[in-house]
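Architecture at a glance
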Amino acid sequence: MHVSRTKASDLSKKIPLQTATVTVYTRHSPNCSKKKDPTWKRCKCRKYLYIYEAGKDRRVSAKTHSWEEAEALAKIELAKRDPIRMRLEEFAAAEAAKEAEEVARQARRTTTADALAEWRSRKGPTSSSTSSTQHSPWVMKPVRNA
Ligand SMILES: [Zn+2]
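Keep in mind that this is a model prediction, so the values were computed, not measured.

**As for the overall build of the protein**
- Helix and strand counts for the protein stand at four helices and three strands.
- Along its sequence from the N terminus, the protein presents helices and strands in the succession α-β-β-β-α-α-α.
- Relative to its full complement of 146 residues, the protein shows a buried share of 12%.
- Put simply, of all contacts in the protein between residues at least 6 apart along the chain, 39% involve residues at least 24 apart.

**A short note on the pairing of strand β2 (residues 46-53)**
- Alignment of strand β1 (residues 21-27) against β2, held across seven bridges, turns out to be antiparallel. Bridge pairing links Val 22 to Ile 51 in β2.
- Pairing analysis gives seven bridges linking β2 to strand β3 (residues 56-64), with the strands arranged antiparallel. Residue Leu 49 lies in a different strand from β3, and its bridge partner there is Val 60.

**A closer look at the sheet that holds β1**
- Taken in spatial order, the three strands line up as β1-β2-β3 in an open sheet, and their pairing is antiparallel. The open sheet has two edge strands with one neighbour each: β1 and β3. Going across the sheet, the axis of each strand differs from the next one's by a mean of 30 degrees, ignoring polarity.

**As for the nonpolar core**
- One finds Val 22, Val 24, Tyr 25, Tyr 48, Leu 49, Tyr 50, Tyr 52, Ala 62, Trp 67, Ala 70, Leu 73 and Ala 74 forming the largest nonpolar core, which totals 12 residues.
- Put simply, the parts of the chain that give this core at least two residues each are β1, β2 and α2 (67-81).
- Residues in contact with Val 24, not counting those within four places in the same chain, are Lys 47, Leu 49, Ala 62, Trp 67, Ala 70, Glu 71 and Ala 74.

**Overview of α2**
- Helix length check: α2, at 15 residues, gives a terminal C-alpha distance of 21 Å against a target of 21 Å (1.5 Å per residue), a fit within 8%.
- Restricting attention to buried positions, one finds in α2 the residues Trp 67, Ala 70, Leu 73 and Ala 74. Take α2 and look down its axis: the buried residues cluster within an arc of 120 degrees, on one side only. Seen from the open side of α2, the exposed residues pointing more than 90 degrees away from its buried face are Glu 68, Lys 75, Ile 76 and Ala 79.
- Buried residues in α2 make contact with β1, β2 and β3.

**Quick look at unusual backbone geometry**
- The phi dihedral of Ala 54 is positive, around 50 degrees, even though this residue is not glycine.
- Position of Ala 54 among the secondary structure elements: in the loop between β2 and β3.
- Positive phi outside glycine occurs at Lys 63, with the angle close to 55 degrees.
- Along the polypeptide, Lys 63 turns up in strand β3.
- Overall, Lys 63 belongs to the exposed group, with 12 C-beta atoms counted inside 10 Å.

**So, the environment of Ala 72**
- Along the chain, Ala 72 falls in helix α2.
- Taking the C-beta count within 10 Å as the criterion, Ala 72 has 14 such neighbours and is therefore assigned partly exposed.
- Ala 72 sits 48 residues away from Val 24 along the chain, and the two C-alpha atoms are 9.6 Å apart.

Reading the values: rules and limits
- Residues numbered from 1 in each chain as written.
- Predicted model: local features only at pLDDT ≥ 70, side-chain atom pairs only at ≥ 80, totals over all residues.
- Helix = DSSP H or I, 4+ residues; strand = E, 2+ residues; numbered from the N terminus.
- Buried ≥ 20, exposed ≤ 12 C-beta atoms within 10 Å, placed from the backbone.
- Contact = placed C-beta atoms within 7 Å.
- Pairing = 2+ DSSP bridges.
- Axes fitted to C-alpha atoms, helices over the stretch in contact; angles between N-to-C directions.
- Core = buried A, V, L, I, M, F, W, Y, C linked by C-beta atoms within 7 Å.
- Expected span 1.5 Å × (residues − 1).
- Arc of directions from axis to C-beta.

Geometry only, nothing functional implied.
Printed below as a string of structure tokens:
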């Protein structure tokens, strides 16, 4: 499918590259008096969406004869492709993945810490007496020098 010299492709020239665009146009019936103008809104011919994204364009039926309805659909389609929103969604997905990874890492770290504590307690009785006493002197002592 090659882009021919239609009004729809002319419309896409205004739009910067790398951005998805959705443009409403009319696919007129052969006997419509406005069949030469794809941007004509007020006839009852089928409305289509010209979707341009990632360097490719395609045309999909808006499944309506109403320009307004087609525009509403175009907005929805565009929102799906909105680069900022897409980036935010990617970011959120990345964050979620990172969080899951962090949870897994914490779990591993806990295991390591437990193993280390166990290893230490097995090695010597140095820290066994302090935690069991009610008044640990190192807790009550003020930090600042008197
Ligand atoms: Zn028409």
